[in-house]
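What follows is each chain in one-letter form.
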Amino acid sequence: MAREDPILDDILAWFDAFAPTKLAGSWDNVGLIAQTPVPRTHRRVFLAVDLTPAVADELLARTDIHTAIVYHPVIFAATRKITMADPLQRSILRCIAAGIHIYCPHTTIDACRQGINDWLIAGLSHAWEKEAPADDELYKAVQSARYTIVEPNEDDPEFGVGRVASLPMPCTWTTLIARVKALLRIPHVQVAPAANVRGDTNVSTIAVCAGSGGSVLRSQTNVDVWVTGEMGHHEILAANARGVSVILANHTNTERQYLRDVLQSALIHGGFDVVVSDTDADPLQVA
């Protein structure tokens, strides 16, 4: 598909080794989603969680980007037409016209080693709340993360979504909340402590799932805390009834910082120049 663009060939080969499309959920739409016929010679890629109009403006203001790596698929449901009338489709068309390919890894990055869920479990296993990690420190921690996969991939059980682990050093409920905010670089989270959980209650085991984790984590009833982006009301009640506390950070907040902490470093080590979006942000704010 990309034979006339050797740099795109390199990008596709890199992802095929790091987070191959075979790891994606059967319902997902991943890989090279939009390809431009306009030749580009730059090896610089752009990272974002979502291709919002603001992110597209930021991306297109540059003239040095070869490929946009957008975590969430820019085309997901069945699509009968792509026109400038739709604001999100307009962003795709503008990228194609400007000579920028769009690659969307989504659940391949959730399931792979050194992926988003590895980053969550590794980050929450260390006391980042006391001191910000140095350059590449989280990237190195992710490479040695220890965990059990919650939902192994059917074809290759060494990969999969969700992670559960015992903390190397137990911490308190209050400390874990601070650690989540420190790792994700956010000022607020929502919490649902189980009965009798107080600020000084010890936490020894956690389960994590980036994005929407209710369906993945519901089997993990022998841990102290679930950490994810969002869950349904009744999923939270069910967790608490089983003695599991819940920390919710909003969907994309469990994904975004991974781009800077890990994926950026991994791509640089793979020989690419990398720019991470400054305008990409969670759509939900605290009012």
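Definitions and cut-offs
Residues numbered from 1 in each chain as written. Predicted model: local features only at pLDDT ≥ 70, side-chain atom pairs only at ≥ 80, totals over all residues. Heavy atoms only, no water. Domains from an automatic or database assignment. Buried area = accessible area lost by both parts, 1.4 Å probe. Salt bridge = Lys/Arg side-chain N within 4 Å of Asp/Glu carboxyl O. Axes fitted to C-alpha atoms, helices over the stretch in contact; angles between N-to-C directions. Helix = DSSP H or I, 4+ residues; strand = E, 2+ residues; numbered from the N terminus. Parallel < 35°, antiparallel > 145°, perpendicular 65-115°, else oblique. Left-handed = near helix turned anticlockwise from the far one by under 90°. Contact = heavy atoms within 4.5 Å. Nonpolar A, V, L, I, M, F, W, Y, C, P; charged D, E, K, R; others polar. Phe/Tyr/Trp six-rings, centres within 6.5 Å; stacked < 30°, edge-to-face > 60°. Buried < 20%, exposed > 50% of the residue type's maximum accessible area, 1.4 Å probe, protein only.

Would you mind showing me how to read the domain arrangement of the protein chain here?
By a widely used convention, the size of an interface equals the accessible area lost when the partners come together. Here the protein chain is partitioned into domain 1 (6-110) and domain 2 (113-251). For domain 1 and domain 2, the distance between their C-alpha centroids amounts to 29 Å. Carbon and sulfur atoms supply 54% of the area that domain 1 and domain 2 bury against each other, a total of about 730 Å² over both sides. At the boundary of domain 1 with domain 2, the tally comes to zero salt bridges.

What's the story with the packing of helix H2 (residues 53-60) against helix H3 (residues 87-97) in this structure? I'm lost.
A pair of packed helices is characterised by two quantities: the angle between their axes and the separation of those axes. Remark: H2 packs on H3, axes separated minimally by 9 Å, with the N-to-C direction vectors making an angle of 15°. Overall, the two elements H2 and H3 adopt an arrangement that is roughly parallel. Of the two elements, H2 crosses H3, and the hand of that crossing is left-handed. Contact residues: Pro53, Ala56, Asp57, Leu59 and Leu60 in H2; Pro87, Leu88, Ser91, Arg94 and Cys95 in H3. By residue class, the composition of the contact of H2 with H3 is seven nonpolar, one polar and two charged.

What should I look at first to understand the side chain of Thr108 in this one?
Within the fold, Thr108 resides in helix H4 (residues 107-111). In this structure, Thr108 is in contact with Ala19, Pro20, Thr21, Leu23, Ala24 and Val30, ignoring residues within four places of it in sequence.

How do you make sense of the packing of aromatic side chains when you look at a structure like this?
The geometry of an aromatic ring pair is captured by two quantities: the separation of the ring centres and the angle between the planes. Under the counting rule described, the total for this entry stands at five aromatic pairs. Note on Trp14 and Phe18: the rings are 4.7 Å apart at their centroids and 20° apart in plane angle, and the pair reads as stacked. Of this pair, Trp14 and Phe18 are both found in helix H1 (residues 6-18), four residues apart, which corresponds to roughly one turn of the helix. No difference in accessibility class separates Trp14 from Phe18, as the two residues are buried. Through a chain of ring-to-ring contacts, three or more aromatic side chains come together here, namely Trp14, Phe15, Phe18 and Tyr103.

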